[in-house]
Amino acid sequence: MAISTEKLSGILQNFVTSTNDVQGAAVVTPDGLPLATSLPGAMDEERVSAMSAAMLSLGERIGNELARGTIDRIYVEGNQGYGVLTSCGEDAVFLVLANQSAKQGLLMLEIKRALTELKLVLM
Amino acid sequence: MEIMRLVVTGPVGAGKSTFIRSVSEIEVVDTDRRATDETLMLKKRTTVAFDFGRLQFGPEMALHLYGTPGQSRFDFMWDILIRKAHAYILLVAAHRPHEFRSARRILGFMKQRSQIPMIIGLTHTDCPGAWDAENIAIALGYLDANRCPPIITVNPNQSASVAEAVIALVQHSMQGCLV
Ligand SMILES: Nc1nc2c(ncn2[C@@H]2O[C@H](COP(=O)(O)OP(=O)(O)O)[C@@H](O)[C@H]2O)c(=O)[nH]1
Ligand SMILES: [Mg+2]
């Protein structure tokens, strides 16, 4: 079944514009290809997608190897902001970029909400 | 214990992951995911970060083997892996001439970042339509045979063959240290 990339894009755009401190988001395949993206202008969607896939795969592997169980999310925190990767079902990975003033708890909640929406389209 | 880091690179489907699986003494760390791109024409799963295997090489040395992804969208992984490597082998499927360009591109990428010793391993030489080493060298841009790195034949599915390739790579890199 074809995934509606239009719907995915719609959800992402809405998520990025309506969520405080969120700068970009992407839904990519586990082998690192973009399905839908809404990213800051300077970022290359192909690169971002490949990196997301690489990072999630390593994170999952580390989770496994170090007995952390199934990985919910991978979290990168820098002095310029956050990058959060969440597995979005079997066929997709969800990446969110937020600036440094984002409140972590709130951000996670918003991500969860967006995930529910995305999963409905990806099913 | 000395550690030598070897990188196994090359285009999609050349046999990098298989190569490492064939000789590693530990369960290989693989990051293969279901392929959804043109890789599907060749195989179902594709490496998205790296393969990692380990091989004891004599009492004093451990070899750490890192396999790269083949697609250029993962070139940030090529970059990460090559910078820490002591030597590398470029695997090229001898029967898929349309991929020589991609092999050449990887080569260029590595050369730009690293001067470490390298050899070329031809895989799939048992398959119909396989090119011979001389012509592949030319296709990869080595027009002068004297300036061409060593080219060997390897079957990643056979551990004895892979072991030979690994020995060739280690020996070549040690020669490099002497001069
Ligand atoms: N017949 C034959 N098959 C090979 C040879 N080398 C690799 N293969 C097969 O080609 C495929 C390569 O897959 P893989 O190792 O995942 O390639 P990678 O993309 O370079 O990691 C596997 O099915 C291997 O069994 C070879 O020399 N001869
Ligand atoms: Mg592989």
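Our subject is the structure listed above.
In this report, we go over the structure that sits alongside the text. From a predicted model like this one, the values you see are computed outputs, not experimental measurements.

Reading the values: rules and limits
- Residues numbered from 1 in each chain as written.
- Chains lettered and ligands numbered in written order.
- Predicted model: local features only at pLDDT ≥ 70, side-chain atom pairs only at ≥ 80, totals over all residues.
- Heavy atoms only, no water.
- Axes fitted to C-alpha atoms, helices over the stretch in contact; angles between N-to-C directions.
- Helix = DSSP H or I, 4+ residues; strand = E, 2+ residues; numbered from the N terminus.
- Parallel < 35°, antiparallel > 145°, perpendicular 65-115°, else oblique.
- Contact = heavy atoms within 4.5 Å.
- Nonpolar A, V, L, I, M, F, W, Y, C, P; charged D, E, K, R; others polar.
- Pairing = 2+ DSSP bridges.
- Donors = N, O, S within 2.8 Å, 3.2 Å for Na, K, Ca; no water.
- Buried < 20%, exposed > 50% of the residue type's maximum accessible area, 1.4 Å probe, protein only.
- Left-handed = near helix turned anticlockwise from the far one by under 90°.
- 1 Å grid on protein atoms, 1.4 Å probe; cavity = no way out; pocket = protein on both sides within 12 Å on 5 of 7 lines; lining within 4 Å.
- Points joined across faces, edges and corners; volume = space filled by probe spheres on them.
- Near = heavy atom within 4 Å.
- Polar contact = N/O pair within 3.5 Å; in protein donor to acceptor, adjacent residues only side chain to side chain.

1. Things to note about the packing of helix α1 (residues 5-18) of chain A against helix α3 (residues 104-122) of chain A
Residue and element names in this part refer to chain A. The geometry of α1 relative to α3 is characterised by a closest axis approach of 10 Å and an angle of 170 degrees between their N-to-C directions. Taken together, the axis directions place α1 and α3 in an arrangement best described as roughly antiparallel. Residues Lys-7, Leu-8, Ile-11, Leu-12 and Phe-15 of α1 form the contact with α3, whose own contacting residues are Glu-110, Ile-111, Ala-114, Glu-117, Leu-118, Val-121 and Leu-122. Class assignment of the residues belonging to the contact of α1 with α3 gives a composition of nine nonpolar, no polar and three charged.

2. So, the sheet that holds strand β2 (residues 34-38) of chain A
Residue and element names in this part refer to chain A. If you trace the five strands from one edge of the open sheet to the other, you get β2-β1-β5-β4-β3, paired in antiparallel fashion. Edge positions in the sheet fall to β2 and β3 (73-78), since each of these pairs with one other strand and no more. Recorded for the sheet is a direction-independent mean angle of 10 degrees between the axes of neighbouring strands. Where β3 meets strand β4 (residues 81-87), six bridges bridge the pair, whose relative direction is antiparallel. Each residue of the ladder has a partner; that of Glu-77, found in β4, is Tyr-82. Packed on one face of the sheet, helix α2 (residues 45-65) meets β1 (22-28), β2, β3, β4 and β5 (93-99) and runs near 65 degrees to β4.

3. Topic: the coordination of the magnesium ion (ligand 2)
Around a metal, the ideal angle is 109.5 degrees if four donors adopt a tetrahedral arrangement and 90 or 180 degrees if six donors adopt an octahedral arrangement. All names here are of chain B. Coordination sphere of the magnesium ion (ligand 2), protein contribution only: Ser-17 (OG) and Thr-47 (OG1), at 2.1 Å. Taken together, the positions of Ser-17 in helix α1 (residues 16-23) and Thr-47 in strand β3 (residues 45-47) put the pair 30 residues apart, joining distant regions of the chain. Thr-47 carries the same exposure label as Ser-17, and that label is buried.

4. Focus: the packing of helix α2 (residues 75-83) of chain B against helix α3 (residues 100-113) of chain B
All names here are of chain B. Running from N to C, α2 and α3 cross one another at 45 degrees; their axes reach a closest spacing of 10 Å. In terms of orientation, α2 and α3 fall into the oblique class. Of the two elements, α2 crosses α3, and the hand of that crossing is right-handed. Note on element contacts: α3 touches α2 through Ile-106, Phe-109, Met-110 and Arg-113, opposite Asp-75, Trp-78, Asp-79, Ile-82 and Arg-83.

5. With respect to the layout of surface pockets
Residues and elements named next belong to chain B. The volume enclosed by the largest pocket comes to roughly 470 Å³. Along its surface, the largest pocket is lined by 19 residues, and Val-12, Glu-38, Gly-70, Gln-71 and Ser-102 are the ones closest to its centre. Of all the elements, α3 adds the most residues to the lining of the largest pocket, at four residues. Of the residues belonging to the lining of the largest pocket, the class tally is seven nonpolar, six polar and six charged.

6. Side note on the sheet that holds strand β8 (residues 151-153) of chain B
Residue and element names in this part refer to chain B. Spatial ordering of the open sheet is given by β4-β5-β1-β6-β7-β8, a layout of six strands whose pairing is mixed. Each edge of the sheet is formed by a strand with only one pairing partner; in this case those strands are β4 (51-57) and β8. Across the sheet, the axes of successive neighbouring strands diverge by a mean angle of 25 degrees, strand direction being ignored. The sheet contact formed by strand β1 (residues 2-9) and strand β6 (residues 87-93) spans four bridges and is parallel. Counterpart to Val-7 in the pairing with β6 is Tyr-88. Lying over the sheet, α1 contacts β1, β4, β5 (61-67) and β6, oriented at roughly 35 degrees with respect to β4.

7. Quick notes on the site of ligand 1
All names here are of chain B. In the vicinity of ligand 1 lie 17 residues, with Gly-13, Lys-16, Thr-18, Lys-43 and His-124 positioned nearest. Here Ala-14 contributes a backbone N or O atom positioned 3.3 Å from an oxygen atom of ligand 1. At three residues, the largest contribution of residues to the shell around ligand 1 is made by α1. Tallied by class, the residues present in the shell around ligand 1 amount to six nonpolar, eight polar and three charged.

8. Comments concerning the side chain of Thr47(B)
Residue and element names in this part refer to chain B. The class of Thr-47 is buried, set by a relative accessible area of 4%. Side chain to side chain, Thr-47 and Ser-17 meet in a polar contact 2.9 Å long. Within the local environment of Thr-47, its side chain forms a polar contact with the side chain of Asp-32, the two groups lying 2.6 Å apart. If near-sequence neighbours (up to four positions away) are discounted, Thr-47 is found in contact with Ser-17, Thr-31, Asp-32, Thr-68, Pro-69, Gln-71 and Phe-74.

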